[in-house]
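# Summary of structural features
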Amino acid sequence: MTLDLFEHLPTPHEPELLEPGAVVLRGFALAQAAELLQAVEVTAASAPFRHLITPGGKRMSVAMTNCGPLGWISDRSGYRYGPVDPDTCKRWPPMPAAFRQLALNAADAAGYPGFTPDACLINRYEPGTRLSLHQDRDEGNYDHPIVSVSLGIAAVFLWGGAARADKARRVGLRHGDVVVCGGPARLRFHGVLPLALGEHAMTGAVRINLTFRKAG
Ligand code: SIN
Ligand code: FE2
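Reference entry: report on the structure contained in this document. Per-chain numbering applies: the sequence of each chain, read as written, is numbered from 1 onward. For naming, the first written chain is A and the first written ligand is 1, with later ones following in the order written. Local features in this predicted model are restricted to residues whose pLDDT is 70 or higher, and side-chain atom pairs enter the listing and the counts only when it is 80 or higher, whereas totals over whole chains, interfaces and linings include all residues. Only hydrogens and water are removed before side-chain values are computed, so all heavy atoms of the structure are retained for them.

On to the nonpolar core, then. Residues belong to a common nonpolar core when they are buried Ala, Val, Leu, Ile, Met, Phe, Trp, Tyr or Cys residues joined through side-chain atoms within 4.5 Å. Relative accessibility thresholds used throughout: buried, under 20% of the residue-type maximum; exposed, over 50%; partly exposed, between the two (1.4 Å probe, protein chains only). Within the largest apolar cluster, 32 residues are counted, with the highest numbers of intra-cluster contacts made by Phe 99, Val 149, Leu 210 and Phe 212. The numbering of helices and of strands both runs from the N terminus, where a helix is a DSSP run of H or I of at least 4 residues and a strand a run of E of at least 2. Every element with two or more residues in this core is listed here: strand S2 (22–25), helix H1 (33–46), strand S3 (63–67), helix H2 (97–109), strand S8 (119–125), strand S10 (146–152), strand S13 (178–181) and strand S15 (207–213). Any two residues having at least one pair of non-hydrogen atoms within 4.5 Å are treated as being in contact. Not counting residues within four places of it along the chain, the set of residues in contact with Val 149 comprises Ala 29, Leu 36, Leu 102, Asp 177, Val 178, Ile 208, Asn 209, Leu 210 and Phe 212. If you look at the next biggest cluster of nonpolar residues, it comprises 26 residues, including Ala 119, Phe 157, Ala 185 and Ala 215.

Take a look at the structure:
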């Protein structure tokens, strides 16, 4: 028996094109996963995960926190970025050097050199939680890409089009995968299907997603 079985698997880190401007870098964050998850715990110890309220008054099922100079928040008055955590009234915890470096390297590998994020939104998904189709459009401008890192149990990412009603592709995202989305794909609708039950050695029954943005 030969290893032909594996021939169809992409080479690790070879960008998998979603469409021009957007790629999946399979396993790009694998080597740093333990360090990243440790830093998530440190961040959450001073800026705890919380379920934000949408402007329409709904409680988001995904729990969120932030690190870096700016953090993404949502409440009755809208979506925005701000330097202060409204729950603690303190600045968001600093963005760890390992986060910055990973975001820079992933953006570079996707063809966006010199990415210097000032915000990292940390999403925590438990089985059953989802993120409905949306665009990331609260940042100051759309010249910079978004870098999104998946850790823990796998999820089905929805990759939509320029309009909410456009058909969305389903893309499996596993522990260590990184999506980079910029240029002509920067404002694509995207989301995450309800997380299936699962168990991961490093996170338990949880998926953690880090999204790096240049918001200011
Ligand atoms: C997001 O769109 O902010 C998160 C996407 C993900 O969890 O993969
Ligand atoms: Fe998003």
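Let's pick the thread back up.
Turning to the site of ligand 1, a few remarks are in order. We call a residue near a molecule or strand whenever a single non-hydrogen atom of that residue lies within 4 Å of it. The immediate surroundings of ligand 1 are formed by Asn 123, Tyr 125, Leu 131, His 134, Ser 148, Phe 157, His 190, Val 192, Arg 207, Asn 209, Thr 211 and Arg 213. Taking His 134, its side chain carries an N or O atom lying 3.1 Å from an oxygen atom of ligand 1. Under this definition, polar contacts are N or O atom pairs within 3.5 Å; protein pairs additionally need one hydrogen-donor-capable and one acceptor-capable atom, and for neighbouring residues in sequence, both atoms have to be side-chain atoms. One of the side-chain N or O atoms of His 190 is found 3.0 Å from an oxygen atom in ligand 1. For the accessible areas, the method is Shrake-Rupley and the probe is 1.4 Å, while residue cover comes only from the protein chains on display. Burial of ligand 1 by the protein chains amounts to 97% of its free accessible area of 260 Å². Grid points spaced at 1 Å and placed over the protein atoms alone form the basis of the search, with a cavity being a set where a 1.4 Å probe fits but cannot get out and a pocket an open set showing protein on both sides within 12 Å along at least five of seven lines. Lining residues have an atom within 4 Å of a point. To qualify as sitting in a cavity or pocket, a molecule needs more than half of its atoms within 2 Å of the grid points. When atom positions are compared with the pocket grids, ligand 1 is found to occupy the largest pocket. Within the residue set of the shell around ligand 1, elements represented by two or more residues are S8, strand S9 (131–134), strand S14 (190–192) and S15. Top contributing element to the shell around ligand 1 by residue count: S15, with 4 residues. In this classification, Asp, Glu, Lys and Arg are treated as charged, Ala, Val, Leu, Ile, Met, Phe, Trp, Tyr, Cys and Pro as nonpolar, and every other residue, Gly included, as polar. Its residues assigned to classes, the shell around ligand 1 shows 4 nonpolar, 6 polar and 2 charged.

Grid points are joined across faces, edges and corners, and a volume is the space filled by probe spheres set on the points. Each pocket or cavity is described by its volume, and for the largest pocket that value is around 770 Å³. Contributing to the lining of the largest pocket are 35 residues, with Met 60, Leu 131, Ser 132, Leu 133 and His 134 lying nearest its centre. Contributing elements (two or more residues each) for the lining of the largest pocket: S8, S9, S10, strand S11 (155–159), S13, S14 and S15. Of the residues assigned to the lining of the largest pocket, the class counts are 15 nonpolar, 10 polar and 10 charged.

Once that is clear, we can look at the pairing of strand S1 (residues 16–19). At least two DSSP bridges between two strands are needed for those strands to be called paired. Across 3 bridges, the pairing between S1 and S2 is antiparallel. Note that in S2 the partner of Leu 17 across the bridge is Val 23. What sits between S1 and S2 in their antiparallel hairpin is a turn of 2 residues, with Gly 21 showing a positive phi close to 100 degrees.

The next point concerns the packing of H1 against H2. Angle between the axes and distance between the axes are the two parameters that describe a pair of packed helices. Working convention: axes come from line fits to C-alpha atoms, limited for helices to the stretch in contact. Angles between N-to-C directions cover 0 to 180 degrees. Running from N to C, H1 and H2 point in directions that differ by 130 degrees, and their axes come no closer than 9 Å. Comparing the axis directions of H1 and H2 gives the class oblique. Along this stretch, H1 crosses H2, giving a crossing that reads as left-handed. Of H2, the residues touching H1 (which contributes Glu 35, Leu 36, Ala 39 and Val 40) are Ala 98, Phe 99 and Leu 102. Grouping the constituent residues of the contact of H1 with H2 by class yields 6 nonpolar, no polar and 1 charged. Any angle between 65 and 115 degrees counts as roughly perpendicular, while under 35 counts as roughly parallel, over 145 as roughly antiparallel, and the rest as oblique. In this scheme the handedness of a crossing depends on how the near helix is turned from the far one: anticlockwise by less than a right angle means left-handed, clockwise means right-handed.

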